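Architecture and fold: a report
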Amino acid sequence: MLLVLLLVGCPAPEDGTVDDTSETTDTGGVPGPAGPSRIEASCAPDDGHATLLVVGMEEATCDSPFDGVPHVRITLWEGTEWPVVPGTYAFDEGSGTAWYLGERGIAEEHARSGSVTIDTATGGTVRGTYSVELDGGETVAGAFEAMACETSTMCG
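Everything in this summary refers to the structure shown in the same document.

Analysis parameters
Residues numbered from 1 in each chain as written. Predicted model: local features only at pLDDT ≥ 70, side-chain atom pairs only at ≥ 80, totals over all residues. Heavy atoms only, no water. 1 Å grid on protein atoms, 1.4 Å probe; cavity = no way out; pocket = protein on both sides within 12 Å on 5 of 7 lines; lining within 4 Å. Points joined across faces, edges and corners; volume = space filled by probe spheres on them. Helix = DSSP H or I, 4+ residues; strand = E, 2+ residues; numbered from the N terminus. Salt bridge = Lys/Arg side-chain N within 4 Å of Asp/Glu carboxyl O. Buried < 20%, exposed > 50% of the residue type's maximum accessible area, 1.4 Å probe, protein only. Disulfide = S-S within 2.5 Å.

Regarding empty space enclosed by the protein
Applying the stated criterion across every chain, the model contains one cavity of 30 Å³ or more. Here the largest cavity is characterised by a volume of approximately 60 Å³. As for the largest cavity, its lining consists of Ile39, Thr51, Leu52, Leu53, Ile74, Leu76, Thr80, Val84, Tyr89, Val116 and Ile118. Mapped onto the lining of the largest cavity, the elements with two or more residues apiece are strand 4 (49-55), strand 5 (71-76) and strand 8 (109-122).

Listed below in structure tokens is the structure:
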């Protein structure tokens with residue numbers, strides 16, 4: 001499958017900043033990454049619509065790298081729309097996927113299920129919480145304040 005994702009713009013909050021000090025919440029899991037985050041339209045495995053959330057990046061920009069820092073990547077392809085709206089989006093291997101990197105030098109772990117709760121989505125900022133159950137049974141959870149990045153996705 002060929003996936004091409006072109007970033008065309010990234011609206012920032014009205015004051016031009018993103019809070020990169022998001023606190024994790026007590027959701028019954030191990031505290032997961034927080035800090036600079038982004039959410040954007042993406043492609044599902046069947047080349048349909050999906051939404052990608054990356055929590056834990058080097059800086060708060062739409063093209064900031066995340067592969068060398070602790071992060072969670074969650075892709076939801078059932079039940080979401082773009083732009084995202086408040087609600088809780090649960091996923092399993094048939095409706096989404098997630099990957100977790102806890103620290104440098106350690107292999108990423110796959111998550112078999114979880115959920116993303118969008119509390120607010122206004123002014124180019126999306127706030128909420130996430131919880132993912134890793135294949136090993138451990139749950140990683142946290143809060144995020146993500147930049148809503150406008151992308152031009154070419155799926156199919």
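Quick notes on the pattern of salt bridges
One pass over the structure, following the stated rule, counts four salt bridges. A salt bridge links Arg73 to Glu108; its shortest N-O distance comes to 2.6 Å. Of the two residues, Arg73 is situated in strand 5 and Glu108 in the loop between strand 7 (96-101) and strand 8; the sequence distance between them amounts to 35 residues. Classification of Arg73 by relative accessible area gives buried; the value is 19%. As a salt-bridge pair, Glu145 and Arg127 come within 2.8 Å of each other at their nearest N and O atoms. Residue Glu145 is found in strand 10 (residues 139-154), and its partner Arg127 is found in strand 9 (residues 125-134); the two are separated by 18 residues along the sequence.

Concerning the state of the cysteines
According to the stated counting rule, one finds two disulfides in the structure shown. Covalently, Cys43 is tied to Cys155 through a disulfide, its sulfur atoms 1.6 Å apart. Judged by the sign of its S-S torsion, about -85 degrees, the bond between Cys43 and Cys155 is left-handed. Of this pair, Cys43 sits in strand 3 (residues 36-43) while Cys155 sits in the segment after strand 10, placing them 112 residues apart in sequence. The side chain of Cys62 participates in a disulfide bridge whose partner is Cys149; the two sulfur atoms lie 2.1 Å from each other. Negative torsions about the S-S bond denote left-handed disulfides, and the value of about -90 degrees found for Cys62 with Cys149 makes this one left-handed. Here Cys149 lies in strand 10 and Cys62 lies in the loop between strand 4 and strand 5, a separation of 87 residues in the sequence. Since its relative accessible area comes to 7%, Cys62 is described here as buried.

A few points about unusual backbone geometry
Trans is the prevailing form of peptide bonds, just as negative phi is the prevailing case for residues other than glycine. In this model, Trp82 is joined to Pro83 through a cis peptide bond whose omega is 0 degrees. Within the secondary structure layout, Pro83 lies in the loop between strand 5 and strand 6 (87-92). For Asp47, which is not glycine, the phi dihedral falls at a positive 70 degrees. Topologically, Asp47 is positioned in the loop between strand 3 and strand 4. Judged by its relative accessible area of 29%, Asp47 falls in the partly exposed class.

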